[in-house]
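# Residue-level structure breakdown
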Amino acid sequence: MAPDTSPDSARVPAVSVIIPAYNAARTIARQLDALTRQHVDVDWEVIVCDNGSTDATSRTAQSWADRLPLRVIDASARRGPSAARNAGADAARAPLLAFCDADDAVTDDWLSGLLPVLGAHPFVVTAARVESAYSTPDRRLYDVVTTLRMPFLPELPFGSSSHLAVSAEAFTRVGRFDETLRTGEDVDLSWRLQLAGYAVTECREAIIDHSRRAGFFATVRQFRGYQHGRRALQHRYAHVIDAFTAARGAPPGADGDWEAGVVSADQSERSDRPASRRERIAMYLRDRDERRQFLLRATRSTRLALATSLGLFLGRVTGRIDTTQPQVPASLARAYLERERPFERGSR
């Protein structure tokens, strides 16, 4: 493990960008290179939290120290992405924390778009550009994702930890990331922040390019993990869910997309795509390239759908939920409902 390093400036930075990393030597350079293109008029810092990597993650990250206000810290005392992020927050010197991942890449104006919003709002979810299931190598299509929702508690949106920012004060007050959760820790943090009175604010001006898991079995493992996390959250927030259901007067409506626990807020579409099914069929019949693109999209989306469904199924039938973990009290839900009155506004 390389020794910790510190930025040259002794001034307190405005924001700490925290990147958990485990065996990320092959991917982290893309993120760090993207961070070198940020243009802001304030001091800031980047903290790479090496969570016990066995590859060259630390050495690779450290090689960027001459181009970034960068520190690499040893975050291996406790394993898992939540522990790594918490270690980064402990080491952070700024009053604002911005979390991103070692296998993604922020856009050039990510930080300049985020800082004005985060300075005014203590809990911010930025935008993630995710390659669509219908994308092909020749025609890239993307979904734009901001806040997400779970089917059993849709009134409380959440942000993925890959594009989430929070004030250090709020983060500490609600208890930071829960290190007992292997997945769903970002949902848990988002809900605790909102129940404590920190409303979520979306910032679409700050965008990251999110890397989708490659390969059928990697996707299966990912969604199996999502389902494990979802089940743990259903147990932990059972009293909150019951309080919201009582206030709503009925269970939440069903939505197939919510089954994965991830649903895009926007979806990019080609403006020149024929509007009707009949027109699209005619286009495929007369244009060989369009037929090829259609088959590529259909094959890719079908594989992704199968991997997602298999992962969710395995997550339902395998793995135990630790029912000894404390549950969130209904009193927090009642206080939120009294304060926010979401059903009276009809905003959900």
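Predicted model only: the values in this text are computed from it and were never measured.

Of regular secondary structure, the protein possesses 12 helices and 10 strands. Expressed as a percentage of its 348 residues, the buried residues of the protein come to 49%. The contacts in the protein between residues at least 6 apart in sequence include a share of 80% that link residues at least 24 apart. Here the protein displays about 17000 Å² of accessible surface, and carbon together with sulfur accounts for 51% of that area.

What follows deals with the packing of aromatic side chains. One pair of aromatic rings is described through two measures. These are the centre distance and the angle between the planes. Applying the stated criterion across every chain, the model contains nine aromatic pairs. Plain terms: the ring middles of Phe-171 and Phe-177 are 5.6 Å apart, the flat faces sit at 65 degrees to each other, and that makes the pair edge-to-face. An identical accessibility class is assigned to Phe-171 and Phe-177; each is buried. Among the aromatic side chains, those forming a connected cluster through ring pairs are Phe-99, Phe-171 and Phe-177.

Let us look at a nonpolar patch on the surface. Residues Leu-310, Phe-313 and Val-317 make up a contiguous nonpolar surface patch of roughly 260 Å² in combined accessible area. Mapping Val-317 onto the fold places it in helix α10 (residues 288-317).

A word on unusual backbone geometry. Although it is not a glycine, Asn-23 sits at a positive phi angle of roughly 45 degrees. On the basis of relative accessible area, Asn-23 is assigned to the partly exposed category, the value being 32%. One non-glycine residue, Arg-176, lies in positive phi territory at about 65 degrees. Structurally, Arg-176 is set in the loop between α5 (168-173) and α6 (185-195).

Turning our attention to the nonpolar core. Counting residues in hydrophobic clusters, the biggest one holds 57 residues, and the most contacted among them are Leu-32, Leu-35, Val-48, Trp-110 and Trp-191. Per-element tally for this core: the top contributor is helix α4 (residues 110-120), with six residues. Among the nonpolar cores identified, the runner-up in size contains 22 residues, and Ala-84, Phe-123, Phe-171 and Leu-193 belong to it.

Attention now moves to the side chain of Asp-178. Take Asp-178: it is sitting in the loop between α5 and α6. Accessibility expressed as a relative area gives 18% for Asp-178, which makes it buried. In this structure the side chain of Asp-178 is engaged in a polar contact, spanning 2.4 Å, whose partner is the side chain of Arg-236. Those residues in contact with Asp-178, other than ones at most four positions away along the chain, are Ser-82, Glu-185, Asp-188, Arg-192 and Arg-236.

The next subject is the pairing of strand β1 (residues 15-21). Remember that side chains alternate between the two faces of the sheet whenever the strand is regular. With seven of seven residues buried, β1 is to be regarded as a mostly interior element. Inspection of the sheet shows β1 paired to strand β2 (residues 44-50) by seven bridges, in the parallel sense. Counterpart to Pro-20 in the pairing with β2 is Cys-49. Assessed by its sense of winding, the connection that carries the chain from β1 through helix α1 (residues 28-35) to β2 is right-handed. Taken together, the three bridges between β1 and strand β4 (residues 96-100) define a ladder with parallel strand orientation. Note on β4: the bridge partner recorded for Ser-16 is Leu-97.

In this section: the confidence of the model for the protein. The pLDDT averaged across the protein works out to 86; a share of 85% of its residues lies at or above 70. Confidence over residues 1-5 falls short of pLDDT 50; this stretch has 13 contacts with residues more than four positions distant or in other chains. Low pLDDT (under 50) marks residues 255-271, which in the prediction has 44 contacts with non-local residues, meaning those over four places away or in another chain.

Per the stated rule, a full pass over the model turns up 19 salt bridges. Arg-129 serves as the salt-bridge partner of Asp-209, at 2.7 Å between the closest nitrogen and oxygen. Taken together, the residues Asp-209 in strand β9 (residues 201-210) and Arg-129 in strand β6 (residues 123-131) connect sequence positions 80 residues apart. Taking the relative accessible area as the measure of exposure, Arg-129 reaches 29% and is therefore partly exposed. In this structure, Glu-338 and Arg-341 form a salt bridge, with 2.6 Å as the shortest nitrogen-oxygen distance. The network of salt bridges with shared partners includes Asp-178, Asp-188, Arg-192 and Arg-236.

Among the five residues that make up β4, five are buried, leaving the element largely enclosed by the rest of the structure. Judged by which residues are buried, β4 turns out to be covered on both faces: Leu-96, Ala-98 and Cys-100 on one side and Leu-97 and Phe-99 on the other are all buried. Inspection of the sheet shows β4 paired to strand β8 (residues 163-167) by five bridges, in the antiparallel sense. Bridge pairing in β8 links Leu-97 to Val-166.

Moving on: the packing of helix α7 (residues 216-236) against α10. Here α7 crosses α10 at 40 degrees, and the two axes come no closer than 7 Å. For the element pair α7 / α10, the angle class is oblique. The crossing of α7 and α10 is right-handed. Here Phe-216, Thr-219, Val-220, Phe-223, Arg-224, Gln-227, His-228 and Arg-231 of α7 come into contact with α10, specifically with Arg-303, Leu-304, Leu-306, Ala-307, Thr-308, Leu-310, Gly-311, Leu-312, Leu-314, Gly-315 and Arg-316. Residues that form the contact of α7 with α10 fall into these classes: nine nonpolar, six polar and four charged.

Rules behind the numbers
- Position numbers for residues start from 1 in each chain and track the written sequence from start to end.
- Local features in this predicted model are restricted to residues whose pLDDT is 70 or higher, and side-chain atom pairs enter the listing and the counts only when it is 80 or higher, whereas totals over whole chains, interfaces and linings include all residues.
- Each side-chain value is worked out from all heavy atoms of the structure, with water and hydrogens disregarded.
- Each helix is a run of DSSP H or I of at least 4 residues and each strand a run of E of at least 2, with the numbering of both proceeding from the N terminus.
- Each residue gets one of three labels from its accessible area relative to the maximum for its type: buried under 20%, exposed over 50%, partly exposed in between, using a 1.4 Å probe on protein chains only.
- Contacts are assigned to residue pairs that have any heavy atoms within 4.5 Å of one another.
- Here the accessible surface of atoms and residues is derived via Shrake-Rupley with a 1.4 Å probe, and residues count as covered only by protein chains that are part of the display.
- Stacked, edge-to-face and tilted are the three classes for Phe, Tyr and Trp ring pairs, Trp counted by its six-membered ring, which pair at centre distances within 6.5 Å; planes under 30 degrees apart are stacked, over 60 edge-to-face, the rest tilted.
- Nonpolar side chains (Val, Leu, Ile, Met, Phe, Trp, Tyr) within 5 Å and like charges within 9 Å form the patches, drawn only from residues with over 30% relative accessible area and no salt bridge.
- A pair is scored as a salt bridge if a Lys or Arg side-chain nitrogen falls within 4 Å of a carboxyl oxygen belonging to Asp or Glu.
- In this text, buried Ala, Val, Leu, Ile, Met, Phe, Trp, Tyr and Cys residues form a nonpolar core when linked through side-chain atoms within 4.5 Å.
- A 3.5 Å cut-off defines polar contacts: any pair of N or O atoms within that distance qualifies, except that in protein one atom must be a possible hydrogen donor and the other a possible acceptor, and neighbouring residues in sequence count only when both atoms are side-chain atoms.
- Being paired, for any two strands, means DSSP has found at least two bridges between them.
- When the strands point away from the viewer and the connection leading from the first strand across the helix to the second strand turns clockwise, the crossover is called right-handed.
- pLDDT: the predictor's confidence for each residue, scored from 0 to 100.
- Each axis is a line fitted through C-alpha atoms, taken for helices only over the stretch in contact, and angles between the N-to-C directions span 0 to 180 degrees.
- In what follows, roughly perpendicular refers to angles from 65 to 115 degrees, roughly parallel to angles under 35, roughly antiparallel to angles over 145, and oblique to any angle outside these ranges.
- For any pair of crossing helices, the crossing counts as left-handed if the nearer helix is rotated counterclockwise from the farther one by less than a right angle, and right-handed if it is rotated clockwise.
- Three residue categories are used. Nonpolar comprises Ala, Val, Leu, Ile, Met, Phe, Trp, Tyr, Cys and Pro, charged comprises Asp, Glu, Lys and Arg, and polar comprises the others, including Gly.

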